[in-house]
Amino acid sequence: MRYYYDIFCARVRRPKSHSIDINNRMTDAEISEIVEMAWCDRTSFNMISRQTGLSEAQIIKVMRRELKPKSFRLWRRRVSGRVEKHSAISSKTW
């Protein structure tokens, strides 16, 4: 029934061509390092991006996947708009 509904309503999920499969590119140790750096308040997204090659959005996806939902929400609330996490903001304010 679900398959029929998907075909009838044209709601079939298609993979996004611009998304990067993070699972196939990184080991558990690398993922752990990314989570540790992202959790640290003094490490900016730009520094993490330079070391890993991931964009800020991809780092957020890794954190969403690896953390518990409540932990992710707390982390996002803490880093949203934080000067230390966004070096573009911190360079303007200093």
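Note: the structure precedes this text.
Rules of the game
- Residues numbered from 1 in each chain as written.
- Predicted model: local features only at pLDDT ≥ 70, side-chain atom pairs only at ≥ 80, totals over all residues.
- Heavy atoms only, no water.
- Axes fitted to C-alpha atoms, helices over the stretch in contact; angles between N-to-C directions.
- Helix = DSSP H or I, 4+ residues; strand = E, 2+ residues; numbered from the N terminus.
- Left-handed = near helix turned anticlockwise from the far one by under 90°.
- Contact = heavy atoms within 4.5 Å.
- Nonpolar A, V, L, I, M, F, W, Y, C, P; charged D, E, K, R; others polar.
- Core = buried A, V, L, I, M, F, W, Y, C linked by side-chain atoms within 4.5 Å.
- Buried < 20%, exposed > 50% of the residue type's maximum accessible area, 1.4 Å probe, protein only.

1. Thoughts on the packing of helix α5 (residues 56–66) against helix α6 (residues 69–79)
Axes are the key here: two packed helices are described by the angle between their axes and the distance separating the axes.
Moving on, step 1. Across the interface, α5 lies against α6 with an axial gap of 8 Å and an inter-helix angle of 145°. Read as a crossing pair, α5 and α6 show a hand that is right-handed. Listed contacts from α6 to I60, M63 and R64 of α5 are F72, W75 and R76.
Moving on, step 2. Split by residue class, the contact of α5 with α6 holds 4 nonpolar, no polar and 2 charged.

2. Brief notes about the nonpolar core
Moving on, step 1. Within the largest apolar cluster, 17 residues are counted, with the highest numbers of intra-cluster contacts made by I59, V62, M63 and W75.
Moving on, step 2. Mapped onto this core, the elements with two or more residues apiece are α3 (28–39), α4 (45–52), α5 and α6.
Moving on, step 3. With 5 residues, α3 is the largest single contributor of residues to this core.
Moving on, step 4. Residues contacting M63, with those up to four places away along its chain left out, are V35, A38, W39, F72 and W75.

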